[in-house]
Amino acid sequence: MDHIEIEKLKSTVSKMMIDGKGVLAADESTKSCNARFQSLGIPETEEERRRWRELLLCAPGMEEYVSGVILYDETIRQSDSDGKLFTEILKEKGVLIGIKVDEGLQDYIGHTGETVTMGLNGLPARVQEYKSLGATFAKWRAAFKISEFTPTDDAIRENAELLARYAVICQEHDIVPMVEPEVLLDGTHDIEKAKEVTTKVLKGLFESLAKHHVHLDGLILKTSMVLSGKDSENRADAKTVGEYTVNVLKECVPAEVGGVVFLSGGQTPDEATENFNEIAKHEPLPWKIAFSFSRAIQNDALATWAGKSSNIDLAREAYMERLKNNSLADKGLL
Ligand code: 13P
């Protein structure tokens, strides 16, 4: 694969992994975005989603804390209320444009309660189009549920194979893959179990990436933190989460990987930031790290906005406050 221009990929990675900045996940599918709107009584329309994304993407000063934004197909084509494309606005701010390229989860036949991620069909053409729209990186999410019987080795292998194939397609188009194997927070498991599962998932992923000759220095890992299950009786504290997460990553993630970013995964916003801060206290690590939250950054701002123009300023304040705290946490300074 010597036609891959590794220097281009590395340059994108280094722009994404700037100290004190993170990658905003604003790539919720229409269905996920609508579900959040519904719970707040916001109309589930394309125009409301556009207004919400405008609040986030066009907030003055967000570029101080945000190196890149992951967009959804609908958003990468949308404009602000004056008709200027969001992609143009982001470029002017020096914020990199990312795109979600997977097409969601489907049941993994024969494996009750497990999923595989869709989206490889036609992916080269879609990646080419997103590149022409300004994207420089692309995300693909696989999800693994912890239960007595899951995840199975089959599901780990199958999803790792899909992640590796998508990563190759991205790199062939000079697009940095942001590879996201999420171990879900749902469940009653303890942190030891999360450690065991996350270790297996990451090892399986890096085996597949090696098999497909993916360039690790032109790739970003988007990972869950190692956490006790949401309904676990004795949830581990932030210091323990920091230690477990760093130990698992050091064991499983090769030092050549371009960067490691964290999803929030349904933690409360404060919890996600506090845990991230504890992880960052272990720096220097073999790779740069950053936050890449959706809910932990957006939730309070969305509830404050609630679809009303008169609330935009207050909602932006809440958003900027979350960004600022996560920026401090990136340096372990919270
Ligand atoms: P959360 O931070 O809400 O988990 O979202 C991050 C993400 O990109 C999920 O795919």
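Before reading on, note that the structure itself is shown above.
A few points on the structure. Numbering of residues starts from 1 in every chain and runs along the sequence as written. Residues qualify for local features only when their pLDDT is at least 70, as the model is predicted, and side-chain atom pairs are given and counted only at 80 or more; totals for whole chains, interfaces and linings, by contrast, use all residues. Side-chain metrics rest on all non-hydrogen atoms present in the structure, leaving aside hydrogens and water.

## What to know about the overall build of the chain
- Assigned secondary structure in the chain consists of 12 helices and 10 strands.
- In terms of overall dimensions, the chain is globule-like: its C-alpha atoms have a radius of gyration of 19 Å, near the 20 Å expected for 334 residues.
- Its C-alpha atoms put the chain at 50 × 50 × 40 Å along the principal axes.
- Buried positions account for 58% of the 334 residues belonging to the chain.
- Here the open area of atoms and residues is found with the Shrake-Rupley method and a 1.4 Å probe, where only the protein chains shown may cover a residue. A total of about 13900 Å² of accessible surface is found on the chain, and carbon and sulfur atoms cover 49% of it.
- Positive charges come from Lys and Arg, negative ones from Asp and Glu, while His and the chain ends are left out of the count. Where a charge lies is defined by one atom per residue type: Lys uses NZ, Arg uses CZ, Asp uses CG and Glu uses CD. The distance from the centre of the 40 positive side-chain charges to the centre of the 55 negative ones in the chain is 1 Å. Helical segments are the DSSP runs of H or I of at least four residues, strand segments are the runs of E of at least two, and each set is numbered from the N terminus. We take the radius of gyration over the C-alpha atoms and set the globule estimate at 2.2 Å times the residue count to the 0.38 power. Burial classes follow relative accessibility: with a 1.4 Å probe on protein chains only, a residue under 20% of its type's maximum area counts as buried, one over 50% as exposed, and anything between as partly exposed.

## Regarding the side chain of Asn 34
- As for its placement among the helices and strands, Asn 34 is situated in helix α2 (residues 30-40).
- By the convention used here, residues are in contact when the closest approach between their heavy atoms is within 4.5 Å. Ignoring any residue separated from it by four or fewer positions in sequence, one finds Asn 34 in contact with Glu 44 and Arg 49.

## Some points on the environment of Val 183
- Looking at the element boundaries, Val 183 is found in strand β7 (residues 176-183).
- Remark: the alpha-carbon pair of Val 183 and Asp 313, spanning 130 residues in sequence, is separated by 35 Å.
- Beyond its immediate chain neighbours, meaning those up to four positions away, Val 183 contacts Phe 144, Ile 146, Val 197, Thr 198, Val 201 and Ser 224.

## Looking at the site of the ligand
- Close to the ligand lie Ala 25, Lys 139, Arg 141, Glu 180, Lys 222, Leu 263, Ser 264, Gly 265, Ser 292, Phe 293, Ser 294 and Arg 295.
- Here a polar contact means two N or O atoms within 3.5 Å. Within protein one must be a hydrogen donor candidate and the other an acceptor candidate, and residues neighboring in sequence count only if both atoms are side-chain atoms. In this structure, an oxygen atom belonging to the ligand sits 2.6 Å away from a side-chain N or O atom of Lys 139.
- With respect to the ligand, the side chain of Ser 264 contributes an N or O atom lying 2.5 Å from an oxygen atom.
- Compared with its free state, where it exposes 300 Å², the ligand has 93% of that area covered by protein.
- In this analysis a 1.4 Å probe is tested at points of a 1 Å grid over the protein atoms alone, and where it fits but cannot get out there is a cavity; an open set with protein on both sides within 12 Å along at least five of seven lines is a pocket; lining residues have an atom within 4 Å of a point. Occupancy of a cavity or pocket is assigned to a molecule whenever over half of its atoms lie within 2 Å of that pocket's grid points. If you map the ligand onto the pockets, it falls in the largest pocket.
- The nonpolar class holds Ala, Val, Leu, Ile, Met, Phe, Trp, Tyr, Cys and Pro. Asp, Glu, Lys and Arg form the charged class, and all remaining residues, Gly among them, are polar. Classifying every residue of the shell around the ligand by side-chain character gives three nonpolar, four polar and five charged. Near is defined per residue: the residue qualifies when any heavy atom it owns lies within 4 Å of the molecule or strand.

## Quick word on the pattern of salt bridges
- By salt bridge we mean one thing: a side-chain nitrogen of Lys or Arg within 4 Å of a carboxyl oxygen of Asp or Glu. All told, the structure shown has 33 salt bridges when counted by the stated rule.
- Asp 27 is the salt-bridge partner of Lys 139, the closest N and O atoms lying 2.7 Å from each other. Here the residue Lys 139 occupies a position in strand β6 (residues 137-144), and Asp 27 occupies one in the loop between β1 (22-25) and α2, the gap between them amounting to 112 residues.
- Of the residues examined, Lys 139 reaches a relative accessible area of 5% and is grouped as buried.
- We classify Asp 27 as buried; its relative accessible area is 5%.

## A few points about the environment of Phe 137
- When you line up the elements, Phe 137 lands in strand β6.
- It is 9.0 Å that separates the C-alpha atoms of Phe 137 and Gly 68, two residues lying 69 residues apart in sequence.

## Some thoughts on the layout of surface pockets
- Grid points are joined across faces, edges and corners, and a volume is the space filled by probe spheres set on the points. Computed from the structure, the largest pocket encloses a volume of approximately 720 Å³.
- Forming the walls of the largest pocket are 28 residues, and the residues nearest its centre are Ser 32, Arg 36, Lys 100, Arg 141 and Arg 295.
- Only α2, β6 and β7 provide two or more residues apiece to the lining of the largest pocket.
- Take the lining of the largest pocket: its biggest share by element is three residues, from α2.
- For the lining of the largest pocket, the per-class residue count stands at six nonpolar, eight polar and 14 charged.
- Its boundaries defined by the atoms lining it, the second largest pocket holds a volume of some 210 Å³.

## Description of the nonpolar core
- As used here, the term nonpolar core means buried Ala, Val, Leu, Ile, Met, Phe, Trp, Tyr and Cys residues forming a set that is joined through side-chain atoms within 4.5 Å. Ranked by size, the top nonpolar core spans 95 residues in total, and within it Met 62, Val 69, Tyr 166, Val 253 and Tyr 319 carry the most contacts.
- When residues in this core are grouped by element, the largest group, 10 residues, is from helix α7 (residues 153-172).
- Residue contacts for Met 62: discarding those within four places in its chain leaves Leu 56, Leu 57, Val 69, Leu 90, Lys 93, Val 95, Tyr 319, Met 320 and Leu 323.
- In terms of nonpolar packing, the next biggest core, distinct from the first, is built from 15 residues, Met 16, Met 17, Met 178 and Ile 220 among them.

## Looking at the pairing of strand β3 (residues 96-100)
- With five of five residues buried, β3 is to be regarded as a mostly interior element.
- Side-chain alternation along β3 places Leu 96, Gly 98 and Lys 100 on one buried face and Ile 97 and Ile 99 on a second face that is also buried.
- Where strand β2 (residues 66-71) meets β3, four bridges bridge the pair, whose relative direction is parallel. Following the sheet pairing, Val 69 is matched in β3 by Ile 97. Strands are treated as partners if at least two bridges between them are detected by DSSP.

## Considerations on the side chain of Thr 198
- Counting through the fold element by element, Thr 198 comes out in helix α8 (residues 191-211).
- With relative accessibility at 3%, the residue Thr 198 sits in the buried group.

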